[in-house]
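Next come the chains, spelled out residue by residue.
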Amino acid sequence: LSTRIHTKKEETNKIARELAKPSEESLLYDYALLCVNYGYILCFGTILPSSVILVFIITLFELHTDVYKFSRLLLRPQPMPSSGIGVWKTLFNIVTEFGLLVNSLMMFFATGDEGSEGDTWIDFIPEEYNIPPTLAKIYLALSVFVVLYIIRRILAAVIPNTAGWVLRMELKDQWNLAKQRNVATTAKKQG
């Protein structure tokens with residue numbers, strides 16, 4: 001009997017300690033950090049490929065600190081239903097398109113010197129056009145950007161935003177809800 005009382009007191013103390021912890025109200029910092037890391041990888045991953053590994057290590061460290069923070073220091077957050085990540089999706093799309101532009105510009109400005117011999121990107125433009133080398137690089141970079149943007153839009157249209165199993169579960173839930181409503185209205189009419 002004393003063991004049960006002792007464990008109930010311990011459980012009550014544990015709950016009281018949990019409720020006394022401060023809560024984190026916003027996920028703004030977490031999403032902002034993910035967006036910045038994604039931008040680093042997208043914009044500078046082609047120049048310094050080891051930066052991808054560095055960002056991965058930083059993200060793992062952040063994940064472990066979040067686990068410690070939510071399990072030891074803060075009140076555990078209450079799960080809330082959501083249909084998406086809201087405005088962050090738009091921000092990630094903007095960062096993606098900016099990364100496409102930066103990578104296409106870097107492809108032409110970070111490779112090959114104007115005074116060097118050999119194959120450079122400018123050699124693909126016929127000489128009768130008389131385009132200055134810098135302007136030619138900009139034209140080529142914007143052409144690559146447009147092609148990559150079109151490919152991105154095609155892939156976005158082909159690949160669904162929601163997984164098939166999630167759509168099937170939502171349809172099943174809607175079906176069950178409609179079935180329950182029909183049963184309730186039928187019971188009202190009969191009763």
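Residues numbered from 1 in each chain as written. Predicted model: local features only at pLDDT ≥ 70, side-chain atom pairs only at ≥ 80, totals over all residues. Heavy atoms only, no water.

**Student:** How would you explain the overall build of the protein if you had to name every residue and give the values?
**Tutor:** Looking only at helices and strands, one finds six helices and zero strands in the protein. In the protein, the succession of α and β elements from N to C terminus is α-α-α-α-α-α. Out of the 191 residues in the protein, the part that is buried amounts to 18%. Long-range pairs, those at least 24 residues apart, make up 73% of the contacts in the protein between residues at least 6 apart in sequence. Accessible surface for the protein amounts to roughly 15,500 Å². Of this, 67% is attributable to carbon and sulfur atoms. (Helix = DSSP H or I, 4+ residues; strand = E, 2+ residues; numbered from the N terminus. Buried < 20%, exposed > 50% of the residue type's maximum accessible area, 1.4 Å probe, protein only. Contact = heavy atoms within 4.5 Å. Areas by Shrake-Rupley, 256 points an atom, 1.4 Å probe, with all protein chains shown as cover.)

**Student:** How would you sum up the side chain of Asn103? Please name residues and give values.
**Tutor:** When you line up the elements, Asn103 lands in helix α4 (residues 87-109). A relative accessible area of 18% means that Asn103 is categorised as buried. If sequence neighbours within four positions are ignored, Asn103 has contacts with Leu42, Cys43 and Thr46.

**Student:** If you had to explain the packing of α4 against helix α5 (residues 133-158) to someone new, which residues and values would you point to?
**Tutor:** It is at 8 Å that the axes of α4 and α5 come closest, and there the two elements cross at 145°. Crossing handedness for the pair α4 and α5: right-handed. Only Thr134, Lys137, Ile138, Leu140, Ala141, Leu142, Val144, Phe145, Leu148, Tyr149, Arg152 and Arg153 of α5 make contact with α4, whose side of the interface consists of Asn93, Thr96, Glu97, Leu100, Leu101, Ser104, Leu105, Met107, Phe108 and Phe109. For the contact of α4 with α5, the class distribution of residues is 14 nonpolar, four polar and four charged. (Axes fitted to C-alpha atoms, helices over the stretch in contact; angles between N-to-C directions. Left-handed = near helix turned anticlockwise from the far one by under 90°. Nonpolar A, V, L, I, M, F, W, Y, C, P; charged D, E, K, R; others polar.)

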